[in-house]
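Spelled out from the first residue to the last, the chains are:
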Amino acid sequence: MILDNIANIDKYVSLHPRFAKAFEFVKSQNLETLQVGKFEIDGKDIHAAVSAKEGVKAEDAKFECHDNYFDIQVCPTGSETIGWSARSDVKDVKTPYNPEKDVTFFADKPSTYFQLKAGQFAIFYPEDVHAPMIGEGEVKKLVVKIRK
């Protein structure tokens, strides 16, 4: 997992061949006025979605990971709490892998929690199990999915 400010996003371009195009999309958006919806960036290789949903309590957050996609998660405004654990430390599968949605859900609890604030991004690799959308009130977020 990587957590940093959007101002530093170009430092991570070399980590994957598709990151440059994904980062360009993030940098080209006005995050304060970004509308809810889905965005095709490069077919099935890179796509994004903006959501605005009611935040959840930590104990109710979905603890998930993906096999075939990286997530770049951005909190356009406000903040969001996210739980995290290394996939190698998580054992209790709640919902088996769904290949259509590229997701496995776990019943374990995250080992670490952190704040994702406006102007920051997090990159979750398939090795990262994460519990997003923790917060009070509406949580708005941008998620860019990059096929590995």
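A brief report on the enclosed structure follows. (Residues numbered from 1 in each chain as written. Predicted model: local features only at pLDDT ≥ 70, side-chain atom pairs only at ≥ 80, totals over all residues. Heavy atoms only, no water.)

## Considerations on the sheet that holds strand 1 (residues 2–5)
In sheet architecture, strand pairing relies on hydrogen bonds along the backbone and comes in two forms, parallel and antiparallel. Spatially, the six strands line up as an open sheet ordered 1-10-5-12-3-2, and their pairing is antiparallel. Because the sheet does not close on itself, it has two edges, and the strands there are strand 1 and strand 2 (37–42). Recorded for the sheet is a direction-independent mean angle of 20 degrees between the axes of neighbouring strands. As judged from the six bridges shared by strand 5 (residues 69–74) and strand 12 (residues 138–147), these two strands associate in the antiparallel manner. Each residue of the ladder has a partner; that of Gln-73, found in strand 12, is Val-143. Helix 1 (residues 19–28) rests against strand 2, strand 3 (46–54), strand 5, strand 10 (120–124) and strand 12 of the sheet, and its axis sits at about 155 degrees to strand 12. (Pairing = 2+ DSSP bridges. Helix = DSSP H or I, 4+ residues; strand = E, 2+ residues; numbered from the N terminus. Axes fitted to C-alpha atoms, helices over the stretch in contact; angles between N-to-C directions. Contact = heavy atoms within 4.5 Å.)

## Some words on the packing of aromatic side chains
What the rule picks out here adds up to six aromatic pairs. When the centroid spacing of 5.8 Å and the interplanar angle of 70 degrees are considered together, the rings of Tyr-12 and Phe-121 count as edge-to-face. In this pair, Tyr-12 sits in the loop between strand 1 and helix 1 while Phe-121 sits in strand 10, placing the two residues 109 residues apart along the sequence. Overall, Tyr-12 belongs to the buried group, its relative accessible area being 16%. You can call Phe-121 buried: its relative accessible area is 0%. The interplanar angle of 80 degrees and the centroid separation of 5.3 Å between the aromatic rings of Phe-19 and Phe-70 together place this pair among those described as edge-to-face. Of this pair, Phe-19 sits in helix 1 while Phe-70 sits in strand 5, placing them 51 residues apart in sequence. Phe-70 matches Phe-19 in its accessibility class, with the two residues each being buried. Clustering of aromatic rings is evident, with ring pairs tying together Tyr-12, Phe-19, Phe-23, Phe-70, Phe-121 and Tyr-125. (Phe/Tyr/Trp six-rings, centres within 6.5 Å; stacked < 30°, edge-to-face > 60°. Buried < 20%, exposed > 50% of the residue type's maximum accessible area, 1.4 Å probe, protein only.)

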